[in-house]
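This is what each chain is made of:
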Amino acid sequence: MKIGKLLLMAFSISLFVSCSNDDDNNDNTPKGDYDNGFFILNEGSAGQGTVSFSSDDFSVFTKDAYTAANGSDLLGKFAQNIFFNGDNAYIIAGGANVINVVNRYTFKLIAKIETGLVNPRYGVVKDGKAYVTNANTYAPYGKPADDPAVIAGNTDDYVAVIDLATNKFESKINVNATANRIIEKNGKLYITEPYDNDKLLVVNIATKSLETSVAIGTSANTMEEKDGVLYILRGPYGSRSEIVKVKLSDKTTSKITFPEALDGAGYMDVYNDKIYYTVSNSVYSINTNATVASTTPIVKASTVANLYGFAVNNDRIYVADSGDYKADSKAYIYNLTGTLQKELTVGVGPNGFYFNN
C-alpha cells in the first residue's frame with residue numbers, strides 16, 4: 001500500500017510511478033505471453049493484489065496475469081512495486097511481507113522471498129543484489145514527537161539486501177530515518193524520506209553505510225534520474241509543491257516551485273527531455289531545463305476520481321484511477337498530445353505501470 005494511503009487509513013510508490021524500463025531485447029520473437037507490453041500493478045484492498053497486462057498494441061489483455069500463470073497461489077496484500085533483473089520480475093506485496101519472483105515473460109512463479117522484510121516498499125538491482133526499502137514500523141497518530149513509538153516509527157526503516165542468485169535475504173542497512181522511493185546510480189542508493197523528513201538519503205553500496213544526506217525539503221515523493229540529475233517531486237503534504245533537481249556529481253540542488261494553482265502535485269516522470277507531472281487529474285509537462293512550471297495541462301482526465309498511478313513511456317501517457325479501493329478500476333492511455341488511446345478495466349487500486357519490451 002502506498003505510504004499516503006497507509007497513513008491516512010492509520011496507513012507504495014511512488015516511483016513513480018512508478019515506472020520501470022527494462023533491458024532492450026533485439027530479438028522480436030515473443031519470449032512468452034507477457035512480452036512486448038506493459039503491466040499494471042493493482043494494489044488490492046483488504047484482499048489480494050493483482051497484476052494486469054496489455055500488449056503494446058492493445059490487442060491482448062489479461063486482467064490478472066499472476067493468477068492466470070499460477071492458479072490459486074496468492075500474490076499477497078497491498079502490491080506495491082515491481083522491479084526487474086534479467087528475465088525475472090520481482091513483485092513486492094508490502095502487506096504480506098513478501099517478494100514474488102516470477103519469469104517476466106511467462107509470469108510463472110520461481111520463488112518467494114519471505115524473510116528479512118517488514119512492510120517492503122520499493123526495490124532496485126545492482127550487481128546481483130536487490131536493495132529494497134522497508135518501512136518497518138509506522139509512527140502512530142495523535143502522539144507527541146518525543147513519544148518513543150513516534151521516534152521509533154520515524155527512524156527504524158532499513159534497506160534489505162537480497163542475493164538474487166539464491167533469492168535469500170542477506171543483510172540490512174539501517175537508515176536511521178524513514179525510507180520510501182529508491183534509485184541506484186554509480187554504486188550509490190538514493191532514497192527519499194516522505195512527509196516531515198527533509199533529506200535525500202545517500203547509501204554507499206560498497207560500504208553499506210550512509211553518506212552525507214542532501215537537503216531537499218519535506219514530502220519528497222516520486223524520483224527519477226536522467227543524465228546525472230535526480231528529479232524529485234515534493235508535495236502535497238504541508239508545503240508548496242516543487243520539483244527539486246539534484247546534480248549527482250556535486251550534490252548541488254535547484255528547484256522549480258509550483259504556483260499556488262498547482263498545489264497538490266501528485267506524480268512525476270521524466271521522458272526524453274521533458275518532465276511530466278500531475279496535479280489532481282491533470283497532466284502537465286515542461287522541458288528538463290525549465291525554471292518555471294507550466295499551468296496548462298496536456299491531459300485533463302475528467303473521468304479519473306483519484307489519480308493513483310502514472311507513467312510516461314513509448315510516446316504515451318499512462319494514468320490509473322484508484323477508484324474506491326474495493327472494486328475493479330480503470331487505467332487510461334493517452335498519446336503525448338492528450339488524445340485518449342485506450343481505456344482498460346483492471347484490478348483494485350491500480351498504482352503503477354511497468355514496461356516489458
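Residues numbered from 1 in each chain as written. Predicted model: local features only at pLDDT ≥ 70, side-chain atom pairs only at ≥ 80, totals over all residues. Heavy atoms only, no water.

1. Description of the overall build of the protein
Move 1: A count of helical and extended segments in the protein gives 3 helices and 30 strands.
Move 2: What you see for the protein is a C-alpha radius of gyration of 19 Å, in line with the 21 Å of a compact globule of 357 residues.
Move 3: Projected onto its principal axes, the C-alpha positions of the protein cover 50 × 50 × 40 Å.
Move 4: Counting over 357 residues, the protein shows a buried share of 57%.
Move 5: In the protein, which carries 32 positive and 39 negative side-chain charges, the distance between the mean positions of the two groups comes to 2 Å. (Helix = DSSP H or I, 4+ residues; strand = E, 2+ residues; numbered from the N terminus. Rg over C-alpha atoms; globule rule 2.2 N^0.38 Å. Buried < 20%, exposed > 50% of the residue type's maximum accessible area, 1.4 Å probe, protein only. Lys, Arg positive; Asp, Glu negative; His and termini not counted. Charge placed at Lys NZ, Arg CZ, Asp CG, Glu CD.)

2. Things to note about the environment of Asn 281
Move 1: As for its placement among the helices and strands, Asn 281 is situated in the loop between strand E23 (274-279) and strand E24 (282-287).
Move 2: In the structure, Asn 281 is positioned 24 residues away from Thr 257 in sequence and 20 Å away in space, judged by C-alpha atoms.
Move 3: Setting aside its immediate chain neighbours within four residues, Asn 281 contacts Val 299, Lys 300, Ala 301, Ser 302, Val 304 and Leu 307. (Contact = heavy atoms within 4.5 Å.)

3. Some points on the sheet that holds strand E21 (residues 252-257)
Move 1: The sheet built from 4 strands is open, its strands ordered E18-E19-E20-E21 with antiparallel pairing. What marks the edges here is a single partner per strand, and that holds for strand E18 (220-226) and E21. Along the sheet, successive strands turn relative to each other by an average axial angle of 20°, direction set aside.
Move 2: Pairing of strand E19 (residues 229-234) with strand E20 (residues 242-247), which is carried by 6 bridges, proceeds in the antiparallel orientation. Paired with Leu 233 across the bridge in E20 is Ile 243. (Pairing = 2+ DSSP bridges. Axes fitted to C-alpha atoms, helices over the stretch in contact; angles between N-to-C directions.)

4. Quick word on the sheet that holds strand E9 (residues 120-126)
Move 1: As summarised here, the arrangement of the 4 strands in space is E9-E10-E11-E12, forming an open sheet in which the pairing is antiparallel. For this open sheet the edge positions go to E9 and strand E12 (168-174), each flanked by a neighbour on one side alone. Taken pair by pair, the neighbouring strands of this sheet meet at an average axis angle of 25°, ignoring direction.
Move 2: Sheet topology note: the strand E11 (residues 158-163)/E12 ladder contains 6 bridges and is antiparallel. Bridging from a neighbouring strand, Ile 162 pairs with Phe 169 of E12.

5. So, the confidence of the model for the protein
Move 1: Residue-level pLDDT values for the protein average 91, and 91% of them are 70 or greater.
Move 2: Within the model, the stretch residues 1-23 combines pLDDT values under 50 with 100 contacts to residues more than four positions away or in other chains. (pLDDT = per-residue confidence, 0-100.)

6. Topic: the pairing of strand E27 (residues 316-321)
Move 1: By the criterion of burial, E27 is predominantly enclosed, with 6 of the 6 residues buried.
Move 2: The alternating pattern of E27 places Arg 316, Tyr 318 and Ala 320 on one face and Ile 317, Val 319 and Asp 321 on the opposite face, and all of these are buried.
Move 3: Two strands pair when backbone bridges link them, and strand E26 (residues 307-313) and E27 are joined in this way by 6 bridges, in the antiparallel orientation. Within E27, the position partnered with Phe 310 by the bridge is Val 319.
Move 4: Where E26 hands over to E27, the hairpin turn is made up of 2 residues, of which Asn 314 adopts a positive phi near 50°.
Move 5: Across 6 bridges, E27 lies against strand E28 (residues 330-335) in antiparallel orientation. Within the sheet, the bridge partner assigned to Val 319 lies in E28 and is Tyr 332.

7. What to know about the side chain of Ser 285
Move 1: Mapped onto the elements of the fold, Ser 285 is located in strand E24.
Move 2: Apart from the residues within four sequence positions on either side, Ser 285 is in contact with Lys 274, Ile 275, Tyr 276, Tyr 277, Ser 294 and Ile 298.

8. Observations concerning the pairing of strand E3 (residues 50-55)
Move 1: Of all the 6 residues making up E3, 6 are buried; the element is thus mostly covered by neighbouring parts of the structure.
Move 2: Both faces of E3 are covered, namely the face carrying Thr 50, Ser 52 and Ser 54 and the face carrying Val 51, Phe 53 and Ser 55.
Move 3: Where strand E2 (residues 37-42) lies against E3, 6 bridges are found, and the strand directions are antiparallel. Note that in E3 the partner of Leu 41 across the bridge is Val 51.
Move 4: Hairpin connection from E3 to strand E4 (residues 61-62): 5 residues lie between these consecutive antiparallel strands, with Phe 58 at a positive phi of about 70°.

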